[in-house]
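What follows is each chain in one-letter form.
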Amino acid sequence: MASRILSTLQNVSSSSSFVSTTKRCLGLCCLRHRSLSGTGASAAADIEPSKPPVQIEHNQLLIDGLFVDAASGKTFPTNDPRTGDTIANVAEADVEDVNRAVRAARKAFDEGPWPKMTAYERSQIILRCADILEKHNDEVAAIETWDNGKPYEQASNVEIPMVVRLFRYYAGWADKIHGLTVPADGPYHVQTLHEPIGVAGQIVPWNFPLLIFSWKVAPALACGNTVVMKTAEQTPLSAIYVSKLFHEAGLPPGVLNVISGFGPTAGAALCTHMDVDKLAFTGSSQTGRRVLELSARSNLKPVTLELGGKSPFIVCKDADIDAAVEAAHSALFFNQGQCCCAGSRTFVHESIYDEFVEKAKARATKRVVGDPFKSGVEQGPQIDFAQFEKIMKYIRSGIESGAKLESGGQRVGSKGYYIEPTVFSNVQDDMLIAKDEIFGPVQSILKFKDLEEVIRRANATHYGLAAGVYTQNTDTANTLMRALRVGTVWINCYDVFDAAIPFGGYKMSGQGRVRGIYSLRSYLQVKAFVTPLKNPAWL
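Residues numbered from 1 in each chain as written. Predicted model: local features only at pLDDT ≥ 70, side-chain atom pairs only at ≥ 80, totals over all residues. Heavy atoms only, no water.

### With respect to the domain arrangement of the chain
Turning to step 1, where the next piece is worked out: Along its sequence, the chain is carved into domain 1 (61-307 + 514-525) and domain 2 (311-499).
Turning to step 2, where the next piece is worked out: One C-alpha centre belongs to domain 1, the other to domain 2; they are set 31 Å apart.
Turning to step 3, where the next piece is worked out: In this complex, domain 1 contributes 31 residues to the contact, which on the side of domain 2 involves 30 residues.
Turning to step 4, where the next piece is worked out: Here domain 1 meets domain 2 over a buried area of about 2,400 Å², counting both sides, of which 61% is carbon and sulfur.
Turning to step 5, where the next piece is worked out: Summed over the three residues of domain 1 that lose the most area to domain 2, namely Pro81, Arg82 and Trp206, the buried surface amounts to 25% of that side.
Turning to step 6, where the next piece is worked out: Our count for the contact surface shared by domain 1 and domain 2 stands at 12 residue pairs in polar contact (both at pLDDT 80 or more).
Turning to step 7, where the next piece is worked out: Elements represented by at least two residues in the side of domain 1 that touches domain 2 include exactly α6 (137-148) and α7 (152-173). (Domains from an automatic or database assignment. Contact = heavy atoms within 4.5 Å. Buried area = accessible area lost by both parts, 1.4 Å probe. Polar contact = N/O pair within 3.5 Å; in protein donor to acceptor, adjacent residues only side chain to side chain. Helix = DSSP H or I, 4+ residues; strand = E, 2+ residues; numbered from the N terminus.)

### Some points on the side chain of Arg457
Turning to step 1, where the next piece is worked out: Note that Arg457 resides in helix α16 (residues 451-459).
Turning to step 2, where the next piece is worked out: Given a relative accessible area of 11%, Arg457 falls into the buried group.
Turning to step 3, where the next piece is worked out: Apart from the residues lying within four places of it in its own chain, the contact partners of Arg457 are Arg345, Phe347, Asp429, Leu446, Lys447 and Phe448. (Buried < 20%, exposed > 50% of the residue type's maximum accessible area, 1.4 Å probe, protein only.)

### Remarks on helix α10 (residues 263-272)
Turning to step 1, where the next piece is worked out: Residues of α10 that are buried: Ala266, Gly267, Ala268, Ala269, Leu270 and Cys271.
Turning to step 2, where the next piece is worked out: If you follow the buried residues of α10, they end up packed against α4 (95-110), β7 (199-203), β8 (226-231), β10 (278-282) and α11 (285-297).

### Examining the pattern of salt bridges
Turning to step 1, where the next piece is worked out: Enumeration according to the criterion identifies 24 salt bridges in this entry.
Turning to step 2, where the next piece is worked out: Residue Glu96 pairs with Arg103 through a salt bridge whose shortest N-O separation is 3.4 Å.
Turning to step 3, where the next piece is worked out: For the salt bridge of Asp131 with Arg168, the shortest nitrogen-to-oxygen distance reads 2.8 Å. Of this pair, Asp131 sits in helix α5 (residues 119-135) while Arg168 sits in helix α7, and the two are 37 residues apart along the sequence.
Turning to step 4, where the next piece is worked out: Three or more residues joined by partner-sharing salt bridges are found here, namely Arg106, Asp110, Asp275 and Asp277. (Salt bridge = Lys/Arg side-chain N within 4 Å of Asp/Glu carboxyl O.)

Here you go:
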């Protein structure tokens with residue numbers, strides 16, 4: 001279901017068809033919507049931000065099943081990207097708060113009921129967590145939109161249902177994790193046990209706060225581990241709210257602890273803590289390096305990393321151009337361009353390059369930018385002022401380096417962090433906009449001549465997270481899916497996610513995988529035990 005939902009989101013050409021189709025896919029009775037008058041950035045530029053349909057009730061740390069203030073009493077503001085105004089002041093965790101959270105998680109693992117429950121009992125609690133989250137879909141989506149700036153329709157109709165689906169998926173795995181009986185060269189009985197690894201420290205980013213929360217928490221809980229989760233300082237609110245719901249569903253105290261704070265303090269304390277048995281991090285490659293260093297300096301805890309990307313989107317000469325234009329548009333501009341696997345290098349064959357550029361420009365010009373709570377809005381604000389300034393700097397760099405600005409490039413409105421959907425043509429491989437992860441609504445379109453050339457250029461990057469290929473030739477598709485050094489290749493589609501499909505990267509895009517059966521391996525230890533056999537009937 002999740003793959004069909006997100007595929008629907010990425011491949012429709014109008015916001016109205018998106019709403020109707022996703023309603024049918026989900027079977028949800030969504031909020032009533034009214035369309036914006038006009039299309040494109042200019043039509044939405046002067047819309048005043050609406051009042052979010054939710055109240056913020058929780059802004060503390062969740063430790064050992066209780067909401068508590070930070071030990072220091074400090075708080076920090078989390079801001080509305082639509083205006084820059086403060087939504088709430090959130091408890092700021094520091095070293096002592098990390099220590100408290102880890103102690104709670106350690107006690108819940110060593111002495112508490114969670115790893116000692118039958119796997120079936122754990123699965124039932126995880127299923128109840130999914131059920132209660134589903135009942136609170138609209139409130140959670142509103143918090144996610146308010147704190148992050150993503151369109152409410154995207155959060156409500158796609159992302160929160162995907163979170164629910166993922167928890168149900170891993171609930172189903174809980175009682176299917178088992179070891180093997182292994183033949184040995186001699187009279188011995190050999191078995192393996194798959195045991196929970198212990199206390200998992202997890203750090204999530206701000207671009208998909210709750211979705212990536214589920215990618216980490218669900219498999220960890222299914223395997224019988226306990227968790228200390230550090231949220232991104234930009235977007236702490238949804239994880240706090242959902243963790244409270246999970247305790248209402250019967251999750252024992254100390255099994256899931258949620259702290260908010262900053263990387264150099266709370267994040268570093270979690271990474272170096274000697275009682276944390278495993279780390280999972282999603283974020284930038286630069287910070288991923290730091291997480292590995294801190295693990296090595298402490299107790300050599302294993303680390304999984306899902307990091308940045310500069311994904312190629314390859315449009316071959318035989319591609320359906322209209323379909324490729326729409327898919328490339330979604331691959332880049334989805335979630336305000338703030339997506340680690342964004343198709344941010346659009347390679348187009350020279351024979352169709354000019355036609356593709358004109359159609360990509362026209363599509364970007366029609367993209368609706370505005371208040372993400374409004375119906376029909378495709379693109380909300382960037383996450384904060386720092387990200388806004390970073391993106392604008394890259395746009396200026398593209399112009400100065402000789403790329404042709406086809407559309408966009410300007411701020412939308414006078415407040416908030418809105419940026420016009422921006423398209424560059426005549427982009428060369430050595431330009432910053434073609435090399436760096438911009439993490440914003442900036443599409444770079446490059447020209448290529450043949451398959452061998454585009455494979456070489458697509459792989460000429462430190463990243464290797466994902467790639468898209470549009471072609472009607474099966475041989476071409478098979479060649480590219482094997483030649484591209486990335487963790488996921490989408491053929492004639494993009495951003496199709498599913499609870500069962502593994503996701504992760506080659507090279508500096510990370511190590512390990514999230515989702516699917518592969519994620520379980522990161523939260524399990526394998527133990528072999530051997531006993532002699534006396535007068536065995538068989539070996």
